[in-house]
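The lines below spell out each chain.
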Amino acid sequence: MDLNADLGESPEQWESGADQALLDIVTSANVCCGAYAGDAGLALATVEACLEAGVVVGAQVGYPDREGFGRRPMEPSDADLIDTVRRQLDDLMTWADEVGGHVSYVKPHGALYNTIVADERQARAVVEAVAPYGLPLLGLPGSAVLRIAAAEGLDGVPEGFADRGYRADGTLVPRSEAGALIDDPEVAAAQARTLATQVRSLCVHGDSPGALDLARAVRAALEDDGYRLVGFA
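Cut-off values and rules
Residues numbered from 1 in each chain as written. Predicted model: local features only at pLDDT ≥ 70, side-chain atom pairs only at ≥ 80, totals over all residues. Heavy atoms only, no water. Buried < 20%, exposed > 50% of the residue type's maximum accessible area, 1.4 Å probe, protein only. Helix = DSSP H or I, 4+ residues; strand = E, 2+ residues; numbered from the N terminus. Pairing = 2+ DSSP bridges. Right-handed = clockwise from strand over helix to strand, strands pointing away. Contact = heavy atoms within 4.5 Å. Expected span 1.5 Å × (residues − 1). Arc of directions from axis to C-beta. Salt bridge = Lys/Arg side-chain N within 4 Å of Asp/Glu carboxyl O. Phe/Tyr/Trp six-rings, centres within 6.5 Å; stacked < 30°, edge-to-face > 60°.

Participant: Help me understand the pairing of strand β4 (residues 105–108), please; the structure alone is not making it clear to me.
Facilitator: Each regular strand displays side chains that alternate between the two surfaces of the sheet. Here β4 shows a buried face lined by Y105 and K107 and a second buried face lined by V106 and P108. For strand β3 (residues 56–61) and β4, the ladder comprises 4 bridges, and the chain directions are parallel. From the neighbouring strand, A59 faces β4, where its bridge partner is V106. Between the parallel pair β3 and β4, the chain is carried across by helix α4 (residues 78–98), and the sense of this crossover is right-handed.

As C-alpha cells, then:
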C-alpha cells in the first residue's frame, strides 16, 4: 500500500519542518508544481528531501489559481487545460532533474481533482495532457478520469483519503460543508483500514489539522493490518 501527502505548497510549512517530518512517514509525495501554490525553490528543496528520504516523487497539478489555492472550480478550454498541465509537469521534471530526481506519477489537485470525477470533457483533457509522458495518474475510484485513462492505456491509480469525509456516492464532502475534514487520528486510521481494501494509494493532506499525528496513526494501522508500505510507482 502506498501512503501519499501533498508537499511543497507552503514556505511556512517547509520552514516549520512539517513537510520534512511527513517524509519520514509517507511513501510518495505529491509535489506542487507552482501553479496554485509553491515555487521553483520550494519544489527543488522538496524533491531533494524526497530523494534523501527514499520517497517517490509525483507531480501535483492544478488550476493556475494561486488566490484560491487551486480549490475553486474553473472552466478552462481543452487547449488551456492541456497546456497548463503539461507546463506544470515539464517544470517539475526540469527541477527534479537538477537534483538528480525524476517524476514518477501525476496527481490532480483540489478543484481539478474533484471536477474530473464526473466532468468528461476536463477528464479527457487531463488524460490527453498526461498521455505523452506515460505516467500513472491518481484519481477517485469510479471517476471519469480513471476510466478514460484506462481506455487510453494509462495506469489509473484509485486513491482514498484518510482525512476527508465521503458522501454516500463515494465522492468527497466539499470543504465548505460540515464533515469535510477528519482531524481525529483514530477515525482517520479506521477509515484508512476500510479504504485500503478498495484503493492502491491513501492520502493524508499535509495542511490538514494535526497532519503528522494523522499520518502516523494511518501508517501504524496499515502496518498492523499487515500492509507493506511502499510507493506504487
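Following the structure, the description resumes.
Participant: Is there a simple way to explain helix α7 (residues 144–151) in this structure?
Facilitator: In an α-helix there are 3.6 residues to a turn, and that puts residues three or four apart on one side. By the burial criterion, the buried members of α7 are A144, V145, L146, I148 and A149. Contact partners of the buried residues in α7: α6 (120–130), β5 (137–139) and β6 (156–161). Immediately downstream of α7, the backbone of G153 shows phi near 85°, a positive value.

Participant: Where do I start with helix α3 (residues 40–53) in this structure?
Facilitator: Compared with the 20 Å implied by 1.5 Å per residue over 14 residues, the 20 Å span of α3 between its first and last C-alpha is a close match. For α3, the set of buried residues is L42, A43, T46, V47, A49 and C50. Buried residues of α3 fall within an arc of 160° about the axis and therefore sit on the same side. Lining the buried residues of α3 we find β1 (2–7), α1 (11–16), β2 (28–32), β3 and α4.

Participant: What am I meant to see in the environment of A45 here?
Facilitator: Take A45: it is sitting in helix α3. With 31 residues separating them in the primary sequence, A45 and W14 have C-alpha atoms 9.1 Å apart.

Participant: Just to check I follow, could you spell out the pattern of salt bridges for this structure?
Facilitator: Pairs may arise between side chains of opposite charge once their charged atoms sit close together. Under the counting rule described, the total for this entry stands at 13 salt bridges. For the salt bridge of R121 with D78, the shortest nitrogen-to-oxygen distance reads 2.5 Å. In this pair, R121 is assigned in helix α6 and D78 in helix α4, connecting sequence segments 43 residues apart. You can call D78 partly exposed: its relative accessible area is 35%. Residues joined by salt bridges that share partners form a network here, namely D6, K107 and E159.

Participant: How should I be thinking about the packing of aromatic side chains in this particular structure?
Facilitator: Two aromatic rings, taken as a pair, are described by how far apart their centres are and by the angle between their planes. Per the stated rule, a full pass over the model turns up 3 aromatic pairs. Aromatic pair Y105 and F232: ring centres 4.9 Å apart, planes at 55°, arrangement tilted. In this pair, Y105 is assigned in strand β4 and F232 in the segment after α9 (211–224), connecting sequence segments 127 residues apart. Across the pair, F232 and Y105 agree in class, each one buried.

Read these as geometric descriptors, not functional statements.
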